[in-house]
Amino acid sequence: MTKTMPKAELHCHIEGATPPALALAQAERYGVDTSAFIRNGEYAWQDFTSFVQSYDATANLFRDEEDYALLAETYLTEIAEAGAIYSELIVSPDQGDAVGIGADAYVRGLAEGAERAKAKTGIETRLLIVGIRHFGPERVVKAAEYAARRPHPLITGFNLAGEERMHRVADFTHAFDIARDAGLGITIHAGELSGAFSVRDALDHIRPARISHGVRAIEDADLVKRLADEGVVLEVCPGSNVALNVFPDFESHPLRALHEAGVRVTLNSDDPPFFHTSLAREYEVAATIMGFSEAEILGMTRTGIEAAFVDEPTRQWLLAKL
Ligand SMILES: Nc1ncnc2[nH]cnc12
Ligand SMILES: [Zn+2]
């Protein structure tokens with residue numbers, strides 16, 4: 001039912017979108033043993049900590065500008081062929097530093113991949129700079145300062161990801177102030193690994209337009225009402241949440257409850273092959289297991305475009321495609 005529907009996503013970590021076959025090809029090229037993190041053609045991990053280890057090992061298979069161009073082009077072409085018209089990729093300047101090419105070459109490569117995918121398929125892409133929470137507040141400030149320099153026109157937003165159980169949201173207000181003052185769109189991972197308090201902290205200290213996940217707000221009815229009243233958009237990633245055991249199964253996932261409470265929700269894939277999902281599968285699960293109608297799903301896509309970190313002419317152009 002959802003196969004031919006137009007799709008949009010606001011939340012995908014680009015290295016987390018590496019198809020295992022591409023990771024294996026990169027590993028072969030650089031002579032890397034992948035047996036610790038790829039088994040039988042699938043990513044291997046047991047919990048959030050080992051997921052991050054597998055994620056980082058995969059990311060480190062991309063070592064020059066062209067590698068990052070290939071990664072972005074591969075992923076964006078795949079989702080465009082499945083109906084995606086818009087994608088926001090979460091990108092980490094720390095990753096450019098980790099592989100020794102620096103943030104500028106890293107971003108240039110990803111942007112080149114986005115341009116190639118757009119030329120082939122028409123998909124529109126923006127890049128959101130992410131600070132990594134478990135690297136600590138100082139490194140996150142550095143990521144925000146990098147984003148605030150607006151090193152590439154496709155960079156339109158700032159996010160905070162990583163281990164949510166480390167530090168408190170209030171430790172990152174300075175980083176978000178820097179990003180907000182630079183005119184970037186603001187979103188933050190909260191209410192995924194930690195509970196409703198983390199979402200409330202994000203609203204109180206950061207005032208984000210959107211929240212990455214936010215689903216554990218469901219633990220607090222007053223907070224759900226606040227999200228609805230304030231029109232904060234949740235980037236919901238059901239497949240990721242079930243894979244990481246935030247909720248035991250799709251039947252008990254709160255997407256429908258949040259939607260019925262009037263919260264603005266969108267469908268996203270997070271780190272698709274790590275969580276045995278794809279943007280197309282998220283749409284299909286919403287239809288077949290969660291029972292959303294075609295009109296409701298189209299409404300979530302529309303919400304995604306309304307909340308996208310793009311200029312107004314681009315937003316209107318994307319909305320006209322729905
Ligand atoms: N699901 C997730 N939560 C927090 N940080 C992440 N980085 C990549 N995927 C993530
Ligand atoms: Zn995420």
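Please read all numbers here as calculations on a predicted model, not as lab measurements.

Thresholds, definitions, all that
Residues numbered from 1 in each chain as written. Chains lettered and ligands numbered in written order. Predicted model: local features only at pLDDT ≥ 70, side-chain atom pairs only at ≥ 80, totals over all residues. Heavy atoms only, no water. UniProt positions renumbered as here; feature names shortened; annotations may be inferred. Helix = DSSP H or I, 4+ residues; strand = E, 2+ residues; numbered from the N terminus. Contact = heavy atoms within 4.5 Å. Near = heavy atom within 4 Å. Polar contact = N/O pair within 3.5 Å; in protein donor to acceptor, adjacent residues only side chain to side chain. Areas by Shrake-Rupley, 256 points an atom, 1.4 Å probe, with all protein chains shown as cover. Salt bridge = Lys/Arg side-chain N within 4 Å of Asp/Glu carboxyl O. Donors = N, O, S within 2.8 Å, 3.2 Å for Na, K, Ca; no water. Tetrahedral: all angles 85-135°; square planar, octahedral: opposite > 155°, others 65-115°. Buried < 20%, exposed > 50% of the residue type's maximum accessible area, 1.4 Å probe, protein only. Core = buried A, V, L, I, M, F, W, Y, C linked by side-chain atoms within 4.5 Å. Lys, Arg positive; Asp, Glu negative; His and termini not counted. Arc of directions from axis to C-beta. Pairing = 2+ DSSP bridges. Axes fitted to C-alpha atoms, helices over the stretch in contact; angles between N-to-C directions.

## Let's talk about the UniProt feature "binding site: substrate" (unreviewed entry) in the chain
And then number 1: When the UniProt feature table is mapped to this numbering, "binding site: substrate" (unreviewed entry) covers Asp 271.
And then number 2: Checked against the element boundaries, Asp 271 lands in the loop between strand 10 (264-267) and helix 12 (279-288).
And then number 3: For Asp 271, the residues in contact, after removing those within four places along its chain, are His 13, Gly 16, Phe 51 and Tyr 55.

## Digging into the site of ligand 1
And then number 1: Residues in contact with ligand 1, as listed here, are His 13, Phe 48, Phe 51, Ala 161, Gly 162, His 189, Glu 192, His 213, Asp 270 and Asp 271.
And then number 2: Residue Glu 192 places a side-chain N or O atom 2.7 Å away from a nitrogen atom belonging to ligand 1.
And then number 3: Against a free-state accessible area of 260 Å², the protein chains account for coverage of 95% of ligand 1.

## Focus: the pattern of salt bridges
And then number 1: Scanning all chains against the criterion turns up 25 salt bridges.
And then number 2: Ionic pairing is found between Asp 67 and Arg 29, a salt bridge with its closest N-O pair at 2.7 Å. Residue Asp 67 is found in helix 3 (residues 65-81), and its partner Arg 29 is found in helix 1 (residues 20-30); the two are separated by 38 residues along the sequence.
And then number 3: Between Arg 168 and Asp 201 there is a salt bridge; the shortest N-O distance is 2.8 Å. Pair noted here: Arg 168 is in the loop between strand 6 (155-161) and helix 7 (173-181) and Asp 201 is in helix 8 (residues 196-206), with a separation of 33 residues, a long-range link.
And then number 4: Ionic contacts of the salt-bridge type, sharing partners, join the residues Glu 66, Glu 73, Glu 112, Arg 116 and Lys 120 into one network.

## Points about the coordination of the zinc ion (ligand 2)
And then number 1: Only His 11 (NE2), His 13 (NE2), His 189 (NE2) and Asp 270 (OD) from the protein reach the zinc ion (ligand 2) as donors, at distances of 2.0 to 2.3 Å.
And then number 2: The coordination sphere of the zinc ion (ligand 2) comprises 4 donor atoms, whose angles at the metal cover 81 to 167°; the geometry is irregular.
And then number 3: Each donor residue of the zinc ion (ligand 2) belongs to the same chain, with the gaps between them written as H-x1-H-x175-H-x80-D. On the criterion of sequence distance, the pair formed by His 11 in strand 1 (residues 7-13) and Asp 270 in the loop between strand 10 and helix 12 is long-range, its members being 259 residues apart. Summarising the burial analysis for this pair, His 11 and Asp 270 share the class buried.

## Some remarks on the nonpolar core
Soluble globular proteins tend to pack their nonpolar side chains together in the buried interior.
And then number 1: Of all hydrophobic cores here, the largest spans 94 residues; its most connected members are Leu 76, Phe 158, Ile 211 and Leu 227.
And then number 2: Filtering out sequence-adjacent residues up to four positions away, Leu 227 remains in contact with Val 199, Leu 203, Ile 211, Ala 217, Val 232, Leu 234 and Val 263.
And then number 3: Counting 11 residues, the second-largest nonpolar core is a separate cluster that includes Ile 85, Val 233, Ala 307 and Leu 319.

## As for the side chain of Glu 15
And then number 1: Residue placement: Glu 15 occurs in the loop between strand 1 and helix 1.
And then number 2: Of the buried charged residues, Glu 15 lacks a salt bridge, with Arg 63 as the closest side chain of opposite charge at 12 Å.
And then number 3: When sequence neighbours within four positions are dropped, the list of residues in contact with Glu 15 reads Tyr 55, Thr 58, Ala 59, Tyr 68, Leu 71, Gln 95, Tyr 106 and Phe 274.

## Looking at helix 1
And then number 1: Those residues of helix 1 lying buried are Pro 20, Leu 22, Ala 23, Gln 26 and Ala 27. Seen end-on, helix 1 carries its buried residues on one side only, within an arc spanning 155°. Residues of helix 1 that are exposed and angled more than 90 degrees away from the buried face: Ala 21, Glu 28 and Arg 29.
And then number 2: Against the buried residues of helix 1 lie strand 2 (38-39), strand 3 (42-43), helix 2 (48-59) and helix 3.
And then number 3: Looking at the residues trailing helix 1, positive phi occurs at Gly 31, about 65°.

## Observations concerning the UniProt feature "binding site: Zn(2+)" (unreviewed entry) in the chain
And then number 1: The UniProt record annotates "binding site: Zn(2+)" (unreviewed entry) at His 11, His 13, His 189 and Asp 270. These residues run over 260 residues, yet every pair of their C-alpha atoms falls within 11.9 Å of each other.
And then number 2: Within the secondary structure layout, His 189 lies in strand 7 (residues 185-190).
And then number 3: In this view, His 189 contacts His 11, His 13, Ile 90, Arg 133, Asn 159, Leu 160, Ala 161, Glu 164, Ser 212, His 213 and Asp 270; residues no more than four positions away in its chain are not counted.
And then number 4: At 3.2 Å, the side chain of His 189 forms a polar contact with the side chain of His 11.

## Quick word on the sheet that holds strand 7
Each strand in a sheet pairs with its neighbour through backbone hydrogen bonds, running either in the same direction (parallel) or in the opposite one (antiparallel).
And then number 1: Strand order in this open sheet of 8 strands is 1-4-5-6-7-8-9-10, and the pairing throughout is parallel. The sheet is open, and its two edges are formed by strand 1 and strand 10, each paired on a single side. Going from strand to strand, the sheet's axes swing by 25° on average, the running direction of each strand aside.
And then number 2: When strand 6 meets strand 7, the two strands line up parallel, connected through 2 bridges. Bridging across to strand 7, Gly 157 finds its partner in Gly 185.
And then number 3: Sheet contacts for helix 8: strand 7 and strand 8 (210-213); angle to strand 7, the most-contacted strand, approximately 155°.
And then number 4: Here helix 13 (residues 294-306) sits on the sheet and contacts strand 1, strand 4 (84-91), strand 9 (233-236) and strand 10; the angle it forms with strand 10, its principal contact strand, is near 100°.

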